[in-house]
Amino acid sequence: EETDASADTILQGESGKRILCLANLREQKNHLLLLEVAKKLLKSHPDWSFHLVGKDFEDDYSRKIREAITAQNLRNVFVYGSRNDTVNIISQSDIAVLTSKSEGLPVSLLELGLYSKPVVMTGVGEIPLIVSNGNNGFVTEPNNAALFYDALTQLVEDAALRMRFGKALHETIHAHHSEAAIVTQYLEWIEKTQHGG
């Protein structure tokens, strides 16, 4: 079973202080906004780190991201490319974020909910239908680094809130997205991503 064989990604950074962004390196995922947030967090909470996991198309966009990380000396940001052991990666993470400018229903959101992770996401696509701001996660307006940073900082500084949001998101996903539906979507997603999606 491929997923078990590849359960070997070990995230860098300090355990208990990892922020995961599970998104292919595409323009609409707006990783550049995430880097702005990372820069602010490096100043205020230097022991927290960001982990970018997703397909790297090795194009101008991904070069831009890597150059920005180097140029701004964002030693709190790590880029991993495409990985098969998503569940293993989620389990090593403490908060999950998505800074997308546009979005459908991100499959990663369903997975994060299944594993009770607290999230901060932009209110695009179907995200606001699942994440209710201040109840089971934080939803901020797209393209606003200051707001995103403020929401993220609340989670960084409050372990009890992280737990509460994670549990609430888990309940939301279970209530609205039956296990069967998630599994089907997930398999379709794997199918797509492994065949060049």
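All of the points below concern the structure found in this document. (Residues numbered from 1 in each chain as written. Predicted model: local features only at pLDDT ≥ 70, side-chain atom pairs only at ≥ 80, totals over all residues. Heavy atoms only, no water.)

1. Considerations on the overall build of the protein chain
Turning to step 1, where the next piece is worked out: Helix and strand content of the protein chain: 9 helices and 6 strands.
Turning to step 2, where the next piece is worked out: Compactness check: the protein chain gives a C-alpha radius of gyration of 16 Å against a globular reference of 16 Å for 197 residues, within 12% of the reference.
Turning to step 3, where the next piece is worked out: Its C-alpha atoms give the protein chain principal-axis dimensions of roughly 45 × 35 × 30 Å.
Turning to step 4, where the next piece is worked out: Taken across its 197 residues, the protein chain has 49% of its residues classed as buried.
Turning to step 5, where the next piece is worked out: Considering only contacts within the protein chain whose residues lie at least 6 apart along the sequence, 74% involve residues at least 24 apart.
Turning to step 6, where the next piece is worked out: Just so you have it, the protein chain exposes about 9,400 Å², and 49% of that area is on carbon and sulfur atoms.
Turning to step 7, where the next piece is worked out: Considering the protein chain, the positive charge centre built from 19 side chains and the negative charge centre built from 26 side chains are found 6 Å apart. (Helix = DSSP H or I, 4+ residues; strand = E, 2+ residues; numbered from the N terminus. Rg over C-alpha atoms; globule rule 2.2 N^0.38 Å. Buried < 20%, exposed > 50% of the residue type's maximum accessible area, 1.4 Å probe, protein only. Contact = heavy atoms within 4.5 Å. Areas by Shrake-Rupley, 256 points an atom, 1.4 Å probe, with all protein chains shown as cover. Lys, Arg positive; Asp, Glu negative; His and termini not counted. Charge placed at Lys NZ, Arg CZ, Asp CG, Glu CD.)

2. Looking at the nonpolar core
Turning to step 1, where the next piece is worked out: Residues Ile19, Phe50, Val97 and Leu152 are the most contacted members of the largest nonpolar core, which totals 55 residues.
Turning to step 2, where the next piece is worked out: Apart from the residues within four sequence positions on either side, Val97 is in contact with Ile19, Leu20, Cys21, Leu22, Leu34, Val120, Phe148 and Leu152. (Core = buried A, V, L, I, M, F, W, Y, C linked by side-chain atoms within 4.5 Å.)

3. Things to note about unusual backbone geometry
Turning to step 1, where the next piece is worked out: Positive phi, close to 55°, is recorded for Ser116, a residue that is not glycine.
Turning to step 2, where the next piece is worked out: Positioned with a positive phi, Asn143 is a non-glycine residue whose angle comes to about 65°.
Turning to step 3, where the next piece is worked out: Mapped onto the elements, Asn143 comes out in the loop between strand E6 (138-140) and helix H7 (145-157).
Turning to step 4, where the next piece is worked out: Taking relative accessible area as the criterion, Asn143 reaches 53% and is therefore assigned exposed.

4. Describing the layout of surface pockets
Turning to step 1, where the next piece is worked out: Its boundaries defined by the atoms lining it, the second largest pocket holds a volume of some 160 Å³.
Turning to step 2, where the next piece is worked out: The residue makeup of the lining of the second largest pocket, split by class, is 3 nonpolar, 3 polar and 4 charged. (1 Å grid on protein atoms, 1.4 Å probe; cavity = no way out; pocket = protein on both sides within 12 Å on 5 of 7 lines; lining within 4 Å. Points joined across faces, edges and corners; volume = space filled by probe spheres on them. Nonpolar A, V, L, I, M, F, W, Y, C, P; charged D, E, K, R; others polar.)

5. Points about the pattern of salt bridges
Turning to step 1, where the next piece is worked out: For the coordinates displayed, the defined rule picks out 6 salt bridges.
Turning to step 2, where the next piece is worked out: Glu103 serves as the salt-bridge partner of Lys29, at 2.9 Å between the closest nitrogen and oxygen. Of this pair, Lys29 sits in the loop between strand E1 (18-22) and helix H2 (31-44) while Glu103 sits in the loop between strand E4 (95-98) and helix H5 (107-114), and the two are 74 residues apart along the sequence.
Turning to step 3, where the next piece is worked out: The exposure class of Glu103 is buried, given its relative accessible area of 19%.
Turning to step 4, where the next piece is worked out: We note a salt bridge from Lys167 to Glu171, for which the minimum N-O separation is 3.3 Å. You can see Lys167 and its partner Glu171 sitting in helix H8 (residues 159-176), 4 residues apart, about one turn around the helix.
Turning to step 5, where the next piece is worked out: Accessibility expressed as a relative area gives 53% for Lys167, which makes it exposed.
Turning to step 6, where the next piece is worked out: For Glu171, a relative accessible area of 45% corresponds to the partly exposed category.
Turning to step 7, where the next piece is worked out: When salt bridges that share partners are traced, they join Glu14, Lys17 and Asp47 into one network. (Salt bridge = Lys/Arg side-chain N within 4 Å of Asp/Glu carboxyl O.)

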